[in-house]
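Chain by chain, the residues run as shown.
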Amino acid sequence: MEAVLFNIQRTSFVDGPGIRTTVFFKGCPLRCAWCHNPESHRPEPQLLVHKEKCTACGRCAQVCPHQLQSCDGCGRCVAACLNDARELCGKRMTVDQVFSQIVKDSVFFAASGGGVTFSGGECMLQIDFLSEILQRCKNSGIHTAVDTAGDVPWEYFEKILPYTDLFLYDIKTMDCATHQKYTGVGNARILHNLSRLLQMKKAVWVRMPIVPGVNDTTQEMNAVKAFYQKYGHPEKTELLPYHQIGEHKYEMLGQTGPAFSVPTTEQMEELQRILSSDAP
């Protein structure tokens, strides 16, 4: 069994407790307007072009079966480039290959209370592979976390519940129309799946990117609180400020990047205060 991954990041401190290895899967059902990993959207390997490294030598065009007019991910131009200006993003890997990378950091997991986090894109789109690698890690005593936006059938959650120690659950906005506008899909299934996890008292960390003009309001924070009051509270809620770190990736993909501002520290502190307060 194989999955298409686009990165395995070792020594991460932001994807769950302790020191973690984060495995990034390609493919995502959402198209968040602020996404900082646009290379994760499509499920297949795809080409990234570093224009600043290109010397226009023409070697890529000479080997491309489509004369650079289209791309089927064959990678010939990547091998031909002498300046590393072309990169194939996405690699097919087996469960054994991924697990061999994860266990390299077992000593750090044990010392820090860390483990492995499966992310994306949306890792749950490749559910059979995810279930198998989760079970392998769980049986080896490695703490497991799944980072998901939740827009998958509930049956997918049922398949991995026995092997998942923690869910990192992304909420974009509580308003369905706003969610549809900025991600391309509604949020009914996302919130339904989250409500079931909370009612089952599973370990959940909610993570919410704060994007000015989209979800940076008192009403949004109150809607989150009302949801918790109805279905149960997660272990924690992390408000994550939108950042522009990944905007250069859009240029490498030949796409137009997002146009959002970065929230101020004061804005983030106020939203956190509202979310943490007892008042409605």
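Residues numbered from 1 in each chain as written. Predicted model: local features only at pLDDT ≥ 70, side-chain atom pairs only at ≥ 80, totals over all residues. Heavy atoms only, no water.

As for the packing of helix H8 (residues 188-199) against helix H9 (residues 218-231)
Stated precisely, the cut-off is as follows: Working convention: axes come from line fits to C-alpha atoms, limited for helices to the stretch in contact. Angles between N-to-C directions cover 0 to 180 degrees. Put simply, DSSP marks the helices as runs of H or I at least four residues long and the strands as runs of E at least two long, and each gets a number from the N terminus on. Under this scheme an angle from 65 to 115 degrees is roughly perpendicular, one under 35 degrees roughly parallel, and one over 145 degrees roughly antiparallel; angles in between are oblique. Left-handed describes a crossing whose near helix is turned anticlockwise from the far helix through less than a right angle; right-handed describes the clockwise counterpart. Note on contacts: a residue pair qualifies if any of its non-hydrogen atoms lie within 4.5 Å across the two residues. Polarity classes work like this: nonpolar for Ala, Val, Leu, Ile, Met, Phe, Trp, Tyr, Cys and Pro, charged for Asp, Glu, Lys and Arg, and polar for all others, with Gly in that last group.
Running from amino to carboxyl end, H8 crosses H9 at an angle of 45°, the nearest separation of the two axes being 9 Å. Regarding the angle of H8 to H9, the classification is oblique. Between H8 and H9 the crossing geometry is right-handed. Across the interface between the two elements, Leu-191, Leu-194, Ser-195, Leu-198 and Gln-199 from H8 touch Phe-227, Tyr-228 and Tyr-231 from H9. Of the residues contributing to the contact of H8 with H9, the split by class is six nonpolar, two polar and no charged.

A word on the side chain of Glu-220
The line we're drawing: When a residue's accessible area, from a 1.4 Å probe over protein chains only, is under 20% of the maximum for its type it is buried; when over 50% it is exposed; and in between it is partly exposed. Positive charge is attributed to Lys and Arg, negative charge to Asp and Glu, and no charge count is given to His or to the chain ends. A pair is scored as a salt bridge if a Lys or Arg side-chain nitrogen falls within 4 Å of a carboxyl oxygen belonging to Asp or Glu. Polar contacts, as counted here, are pairs of nitrogen or oxygen atoms within 3.5 Å of one another; within protein the pair requires one atom able to donate a hydrogen and one able to accept it, and residues that are adjacent in sequence qualify only if both atoms are side-chain atoms.
Examined against the element boundaries, Glu-220 turns out to sit in helix H9. For Glu-220, which is buried and forms no salt bridge, the nearest opposite charge comes from Lys-172, at a distance of 12 Å. Here the side chain of Glu-220 touches Met-174 through a polar contact of 2.5 Å, landing on its backbone nitrogen. Not counting residues within four places of it along the chain, the set of residues in contact with Glu-220 comprises Thr-173, Met-174, Asp-175, Met-208, Val-214 and Asn-215.

Examining the pattern of salt bridges
Applying the stated criterion across every chain, the model contains eleven salt bridges. Across the pair Asp-15 and Arg-207 runs a salt bridge, and its minimum N-O distance is 3.5 Å. Of the two residues, Asp-15 sits in the loop between strand S1 (2-12) and strand S2 (20-25) while Arg-207 sits in strand S9 (residues 204-210), which places them 192 residues apart along the sequence. Neither residue differs from the other here; Asp-15 and Arg-207 are each classed as buried. Note that Arg-42 is salt-bridged to Glu-44, the shortest N-O span being 2.6 Å.

Re the environment of Thr-218
Residue position: Thr-218 is located in helix H9. A relative accessible area of 39% places Thr-218 in the partly exposed class. It is 17 Å that separates the C-alpha atoms of Thr-218 and Cys-176, two residues lying 42 residues apart in sequence.

Let's talk about the environment of Gly-18
In this fold, Gly-18 is placed in the loop between S1 and S2. For Gly-18 and Gly-113, which are 95 residues apart along the polypeptide, the C-alpha to C-alpha distance reads 4.9 Å. What Gly-18 contacts, discounting residues up to four positions off in sequence, is Ser-12, Phe-13, Ser-112, Gly-113 and Gly-114.

Focus on the packing of helix H3 (residues 95-102) against helix H5 (residues 127-139)
Two numbers describe how H3 lies on H5: the axes approach to 10 Å, and their chain directions differ by 40°. Here H3 lies oblique to H5, going by the angle between them. Here the hand of the crossing between H3 and H5 comes out right-handed. Residues Val-95, Asp-96, Val-98, Phe-99 and Ile-102 of H3 form the contact with H5, whose participating residues are Phe-129, Glu-132, Ile-133, Arg-136 and Cys-137. Looking at side-chain class alone, the contact of H3 with H5 contains seven nonpolar, no polar and three charged residues.

Section: the nonpolar core
Note the cut-off: Note on terminology: a nonpolar core comprises buried Ala, Val, Leu, Ile, Met, Phe, Trp, Tyr and Cys residues joined through side-chain atoms within 4.5 Å.
Judged by nonpolar contacts, the single largest core of 49 residues is most densely connected at Phe-25, Ile-102, Phe-118, Met-124, Leu-130 and Ile-133. When residues in this core are grouped by element, the largest group, six residues, is from H5. Judged by nonpolar contacts, the second largest core, of 13 residues, contains Leu-30, Cys-35, Tyr-250 and Phe-260.

Some thoughts on H5
Note on helix geometry: an α-helix contains 3.6 residues per turn, so any two residues three or four positions apart are oriented the same way. Here is the rule: Multiplying 1.5 Å by the residue count of a helix minus one yields the expected span of that helix.
Its 13 residues place the ends of H5 18 Å apart at the C-alpha level, agreeing with the 18 Å of an ideal helix rising 1.5 Å per residue. Positive phi appears at Gly-141, one or two residues downstream of H5, with a value of about 80°.

With respect to the sheet that holds S1
Here is the rule: Strands were regarded as paired on the criterion that DSSP finds at least two bridges between them.
Taken together, eight strands build an open sheet; the order of strands is S5-S1-S2-S6-S7-S8-S9-S10 and the sheet is mixed. The open sheet is flanked by strand S5 (91-94) and strand S10 (236-241), the only strands paired with a single partner. Mean inter-strand twist for the sheet, computed between neighbouring axes without regard to direction, equals 30°. As paired strands, S1 and S2 are joined by five bridges and run antiparallel to one another. Bridge pairing in S2 links Ile-8 to Val-23. Sheet strands touched by H8: strand S8 (166-170) and S9. Its angle to S8, the strand with the most contacts, is close to 150°.

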